[in-house]
Protein chains: 2
Amino acid sequence: MRDPIRVLILGTGQMGAGIARHVLDTPGLELVGAYGKRRERAGTDVGHAIGLERDLGISIEANLPAAAERTRPDIAIQATCSKLDDAWPEIAVLLRHGISVISIAEEMAYPAYRSPAIAAEMRDLACATGAAVVGTGINPGFLLDLLVITLTGICLTVDSITATRVNDLSPYGPTVLDAQGVGLTLEAFEAGLRDGTVTGHLGFPESISMIAAALGCVVDRIEQAVEPIVSEVKRKTPFVTVEPGCVAGSQHTAVAYRDGEPFIIFDHPQQVRPELAGIETGDSIEIVGTPGLRFTGSPEIPGGKGTVAIAVNMIPRILAATPGLYTVAELPVPAALAGGARRTTAPVGEARRHA
Amino acid sequence: MRDPIRVLILGTGQMGAGIARHVLDTPGLELVGAYGKRRERAGTDVGHAIGLERDLGISIEANLPAAAERTRPDIAIQATCSKLDDAWPEIAVLLRHGISVISIAEEMAYPAYRSPAIAAEMRDLACATGAAVVGTGINPGFLLDLLVITLTGICLTVDSITATRVNDLSPYGPTVLDAQGVGLTLEAFEAGLRDGTVTGHLGFPESISMIAAALGCVVDRIEQAVEPIVSEVKRKTPFVTVEPGCVAGSQHTAVAYRDGEPFIIFDHPQQVRPELAGIETGDSIEIVGTPGLRFTGSPEIPGGKGTVAIAVNMIPRILAATPGLYTVAELPVPAALAGGARRTTAPVGEARRHA
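So, here's what we can say about the structure. (Residues numbered from 1 in each chain as written. Chains lettered and ligands numbered in written order. Predicted model: local features only at pLDDT ≥ 70, side-chain atom pairs only at ≥ 80, totals over all residues. Heavy atoms only, no water.)

## Some details on the sheet that holds strand β6 (residues 132–135) of chain A
Residues and elements named next belong to chain A.
For step 1, the next point in the chain: Spatially, β3-β2-β1-β4-β5-β6-β15 is the arrangement adopted by the seven strands of the open sheet, whose pairing is parallel. Of all strands in the sheet, those bounded by a partner on one side alone are β3 (60–61) and β15 (324–327).
For step 2, the next point in the chain: Bridge count between strand β5 (residues 100–103) and β6: three bridges; the pairing is parallel. For V101, the partnering residue across the bridge sits in β6 and is V133.
For step 3, the next point in the chain: Against the sheet, helix α6 (residues 116–129) makes contact with β6 and β15, and its axis sits at roughly 125 degrees relative to β15, the strand it touches most. (Pairing = 2+ DSSP bridges. Helix = DSSP H or I, 4+ residues; strand = E, 2+ residues; numbered from the N terminus. Contact = heavy atoms within 4.5 Å. Axes fitted to C-alpha atoms, helices over the stretch in contact; angles between N-to-C directions.)

As structure tokens, then:
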């Protein structure tokens, strides 16, 4: 029996807690520490912080360098933030300790989009200390990018890609609902768009950049639009009530142009209680090309569970990678750890051996 | 402008011809030679052999070592055979010249299934000469394995996997039709199964082995069955006529057991003119797990075009790999070469750098 893979979790919010629980459930993984930004949570036992009924004997630490130094993890999973500017300082601390990082920050899906300079610095630091970094998640990180890229692999030519994700926001709490403007009047929604409190989906440019990079082509420009989804009926969740005429969510679209023509089209309506408006949720990818193809799934892949899963499933892939900064499309695809986690994915009888 | 990637094609049958045509159509690739087993075709210009109306100034060569030596390709694509025993001697010649290989032989999708010894020898030879080898294709190589593995990447747990491919054999010629027993009487079909002339699909054990390896688990045993699809109506294609009461194709199923329970279930009915029996073709993957998911596409991904595409799209991935033997699940997924082929997939502004 080999030593388990030592995992440090950054963030114990909804995603961080889910990841920590899944690490605890997965043979071959050992949760060795937890970092939390909020100093008032420091010292709390992780077991309670992530919704278990028991102590784990691991306290949340608010000092990241100290946590990294003390716990000496093989891998850190970052679930503290969405923006590259917030993610990078934490990642830099980890890389300086030679610790590889999986981040679910949306902008880490393709960090060179927001900042080629930070991405280059991250890559150089990772290479210098022998670590590897990747950003992942359900979206960006899978449905609208990795899965799309995978499906183009069987195409001779690709004229355009249309991907649609129709999802249900009902399971989510205030942070997500506020960002989508759920429950607002039309006027408040428009004001929120202007002042940045209503954002729609984070990650379209990152997904588009990842697809373009994988297909080896250049997009001229990206146009995005966020429109309110106005409800005709009353919709209620534990966290919000939407009155008729108010906003049940937002319809976020993006179009990336290639040689002046639409090349990648994303449509992502997110709302609470879509069934009350007769809307079926689901994921769909359509490629116009040779051969053309369309894959659909309904209901939609649940974003929360999916993100927890892909973050943990990525562990063997990033540990097997040579040092550097990766997008998910530059590593072998993650797979469910049905047999537990191992340091290499090479199974018994398998014949690969790196020279 | 970099030097184009030099491609040698092995085999100029239907698949080899399609691959050669696509290589010619793809910027960044150069077709430098063609090997054909049949000595009577040696000396024929490749242009005519692959259905073009023009000479390419490249003759089909029946001596593989000489062709490898003379053309000095960066990559060879093997489209000569289905079986590992036939594929390996050709691959060995190429590896001894340090040439990396993409094979569409079905048994090369996971060569360690048929022969761990040959797979180990192949790996060692590749490592010794600095080359890399991968087996691919639409099936095995994508629909029932790589795409399945990719979808498990967003699952916390996987209880079972069911993948179905319902396809139309009408576009295919005698080789494929004979292997599926199309046009035979029931008695002749059963006799064909016994004497090995009717085989059903080749590749289920390879796909199952690839999935199990990626998920890090072990399957106890694999049960396969091939049943005739008996037509109630007359069905006709340019190559075959099926009388009512005769065989329109075969229904090949496989079940892989894990801890005594069905874990991977494949169902693959193949027949000519399925629409005459009211059957809709398509591909479907269902995962029972957390979260459960189901993705479907209809009609089915065309096998011929898909295999040609994935073989060529794999070129940048295998050229970027360190020496060794790979399954498609151990490399980053191939993507359509929408911007032409390049020696590395790292785009401008992209931040990875191997140490």
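Having put the structure on the table, let's press on.
## Considering the packing of aromatic side chains
Residues and elements named next belong to chain A.
For step 1, the next point in the chain: Using the criterion set out here, one finds two aromatic pairs over all chains in the structure.
For step 2, the next point in the chain: Both rings, one in F204 and one in F266, keep their centres 5.3 Å apart while their planes meet at 25 degrees; by these two values the pair is stacked. Separated by 62 residues along the polypeptide, F204 in helix α10 (residues 204–215) and F266 in strand β12 (residues 261–271) bring together distant segments of the chain. Residues F204 and F266 agree in their burial class; the two are buried.
For step 3, the next point in the chain: Cation over ring: R258 sits above F263, and NZ or CZ is 5.3 Å from the ring centre. (Phe/Tyr/Trp six-rings, centres within 6.5 Å; stacked < 30°, edge-to-face > 60°. Buried < 20%, exposed > 50% of the residue type's maximum accessible area, 1.4 Å probe, protein only. Lys NZ or Arg CZ within 6 Å of the ring centre and 35° of its normal.)

## Re the interface of chain A and chain B
For step 1, the next point in the chain: With 73 residues of chain A at the interface, the matching set in chain B holds 73 residues.
For step 2, the next point in the chain: The tally of links from chain A across to chain B stands at zero salt bridges.
For step 3, the next point in the chain: Listed by contribution, the elements that provide at least two residues to the side of chain A that touches chain B are α6, α7 (146–152), α10, β13 (282–290), β14 (293–297), α11 (303–313) and β15 of chain A. (Salt bridge = Lys/Arg side-chain N within 4 Å of Asp/Glu carboxyl O.)

## Re the pairing of strand β2 (residues 29–35) of chain A
Residue and element names in this part refer to chain A.
For step 1, the next point in the chain: Within β2, six of the seven residues are buried, leaving the element largely enclosed by the surrounding structure.
For step 2, the next point in the chain: Here six bridges tie strand β1 (residues 5–10) to β2, and the two strands are oriented parallel to one another. Bridge pairing in β2 places L10 opposite Y35.
For step 3, the next point in the chain: Read as a crossover between parallel neighbours, the route from β1 over helix α1 (residues 14–25) to β2 is right-handed.
For step 4, the next point in the chain: As defined by bridge partners, β2 adjoins β3 across two bridges and the pair is classed as parallel. (Right-handed = clockwise from strand over helix to strand, strands pointing away.)

## Topic: the pattern of salt bridges
For step 1, the next point in the chain: According to the stated counting rule, one finds 21 salt bridges over all chains in the structure shown.
For step 2, the next point in the chain: When the shortest N-O distance is used, the salt bridge between E69 of chain A and R72 of chain A registers 3.0 Å.
For step 3, the next point in the chain: Linking D124 of chain B and R123 of chain B is a salt bridge whose minimum nitrogen-to-oxygen distance equals 2.9 Å.
For step 4, the next point in the chain: Residue class for D124 of chain B comes out partly exposed when judged on its relative accessible area of 32%.
For step 5, the next point in the chain: One network of salt bridges, in which partners are shared, links K83, E107, R114 and E206 of chain A.

## Some words on unusual backbone geometry
When glycine is set aside, most residues are seen to have a negative phi, and most peptide bonds are trans.
For step 1, the next point in the chain: Here the bond from N139 of chain B into P140 of chain B is cis, since omega is 5 degrees, no more than 30 degrees from zero.
For step 2, the next point in the chain: Its place among the elements puts P140 of chain B in the loop between β6 (132–135) and α7 (146–152).
For step 3, the next point in the chain: In the segment running from T290 of chain B into P291 of chain B, the intervening peptide bond is cis, with an omega of -15 degrees.
For step 4, the next point in the chain: Along the chain, P291 of chain B turns up in the loop between β13 (282–290) and β14 (293–297).
For step 5, the next point in the chain: The backbone of R72 of chain A shows a phi angle near 45 degrees, a positive value even though the residue is not glycine.
For step 6, the next point in the chain: Looking at the secondary structure, you find R72 of chain A in the loop between α3 (64–71) and β4 (75–78).
For step 7, the next point in the chain: On the accessibility criterion, R72 of chain A (57% relative accessible area) is exposed.
For step 8, the next point in the chain: The phi angle at D259 of chain A is positive, at roughly 50 degrees, despite the residue not being glycine.
For step 9, the next point in the chain: Taking the relative accessible area as the measure of exposure, D259 of chain A reaches 67% and is therefore exposed.

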